Amino acid sequence: MNIKTLKQFLALAETLNFGRASDECHISISAMSRNIRHLEDELGVALFNRDNRTVALTQEGQKFLKYARDTSRQWNLIRHELTDNSDQLSGEISLYGSVTASYSFLYELLRRFRIAYPAIEIKLRTGDPEHAIAHVLDGKEDISLAARPTNLPRGLAFKPIAISPLLFIAPLEQQVPNVPTNTPTTPEEWSNIPMILSESGVSRTRVDEWFRQHDIAPRIYAQVTGNEAIVSMVSLGFGIGVVPKIVLDNSPLVDRIKVLDVQPELEPYDIGLFTLKKSLKNPLVEAFWNLMEEEAL
């Protein structure tokens, strides 16, 4: 087993697509397939179930994935310690955030980081913010940007960056009778309104608690992933939704939305960076973390 084969395994495990994984590793599909097969022969187990259409990790592949991520991370650390004779940090770190976060917060953070550490390569992935913490806990990314949950998982470090209110939003113009543009005043009114909410995550937890405190049985019209989709559906008149203010401020549909004056207000988002506490021993992650401290000062 060598580190190149290990990285090829990681690429395939994350993409579950030989074409994309081979492109990422800059080798041919046949070479990657051959290397993965050799790795499986060396281990004595099948790491992937594959046919002409799909690729999926086996149970053994899931176990090996954790080892591969830990080994790859340790390889990068020791290589840096052994080969770097200068004061300039070099290597690669990976970050994860939503599309909104990438141009609301990460743009400025990455700009400053690039100026301070030009030799560090940054790998940025975007996706549903509700998966941000899991990506760090699973070792998929070094750092993620998301809202802080009420209970922080053990072993996870958090650095706050900003606070964003959670807003109830409605369409600017009433398009169907049961979707008002004004704030409902009674539990009965709330119960008759179709709600468009996040499928899970911090915002869903807080709005569910708000409904319980007010003895409201909400009528859930849609549960979606991604706050941008909530803004879109509300603008089309499908219902009332709940999104962070930062998402609404950066939405091209903001002119088609009305913010409702709902009291008491929902607890705001505490947005910040997440990483494993043990990852702060990585000088590259530590450099990014400390740069954020300097910004706070």
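A quick note: this is a predicted structure, and the numbers were derived from the prediction, not measured.

(A) Just the environment of Ala13, in detail. Within the secondary structure layout, Ala13 lies in helix α1 (residues 3-15). Overall, Ala13 belongs to the buried group, its relative accessible area being 11%. Excluding residues within four positions of it along the chain, Ala13 makes contact with Phe48, Leu57 and Leu65.

(B) Expanded view of the packing of helix α2 (residues 18-25) against helix α3 (residues 29-43). Where α2 meets α3, the axes come as close as 9 Å, and the angle between the chain directions of the two elements is 95°. Taken together, the axis directions place α2 and α3 in an arrangement best described as roughly perpendicular. In this structure, α2 uses Phe18, Gly19, Ala21, Ser22 and Cys25 to contact α3, whose residues at the interface are Ile29, Met32 and Ser33. Here the residues of the contact of α2 with α3 sort into 5 nonpolar, 3 polar and no charged.

(C) Quick peek at the sheet that holds strand β3 (residues 91-97). A sheet is described by the order of its strands in space; here 5 strands give the open sequence β4-β3-β5-β12-β6, paired in mixed fashion. The open sheet has two free edges, formed respectively by β4 (120-126) and β6 (156-164), since each of these has just one partner strand. Averaged over all neighbouring strand pairs, the angle between strand axes comes to 20°, with direction disregarded. Strand direction decides the pairing type here: β3 and strand β5 (residues 143-147), joined by 2 bridges, are parallel. Counterpart to Leu95 in the pairing with β5 is Ile143.

(D) Structural detail: the environment of Ile193. Locating Ile193 in the fold gives a position in the loop between α7 (187-191) and β8 (194-198). According to the relative accessible area criterion, Ile193 is buried, its value standing at 4%. Sequence separation of Ile193 and Leu253 is 60 residues, and the distance between their C-alpha atoms is 21 Å. The contacts of Ile193, once residues within four sequence positions are left out, are Asn178, Pro180, Pro184, Arg219 and Ile240.

(E) Fine view of the sheet that holds strand β7 (residues 166-171). One open sheet accounts for 5 strands, arranged β9-β8-β10-β7-β11; its pairing is mixed. Single-partner strands in this sheet number two, and they are β9 (219-224) and β11 (257-259). Mean inter-strand twist for the sheet, computed between neighbouring axes without regard to direction, equals 35°. Bridge analysis of β7 against β11 gives 3 bridges, and the strand direction is antiparallel. Pairing of Ile169 across the sheet is with Val259, part of β11. Those strands touched by helix α9 (residues 227-235) are β7, β8, β9, β10 (240-244) and β11, and its axis lies near 145° from that of β10.

About the criteria used
- Residues numbered from 1 in each chain as written.
- Predicted model: local features only at pLDDT ≥ 70, side-chain atom pairs only at ≥ 80, totals over all residues.
- Heavy atoms only, no water.
- Helix = DSSP H or I, 4+ residues; strand = E, 2+ residues; numbered from the N terminus.
- Buried < 20%, exposed > 50% of the residue type's maximum accessible area, 1.4 Å probe, protein only.
- Contact = heavy atoms within 4.5 Å.
- Axes fitted to C-alpha atoms, helices over the stretch in contact; angles between N-to-C directions.
- Parallel < 35°, antiparallel > 145°, perpendicular 65-115°, else oblique.
- Nonpolar A, V, L, I, M, F, W, Y, C, P; charged D, E, K, R; others polar.
- Pairing = 2+ DSSP bridges.

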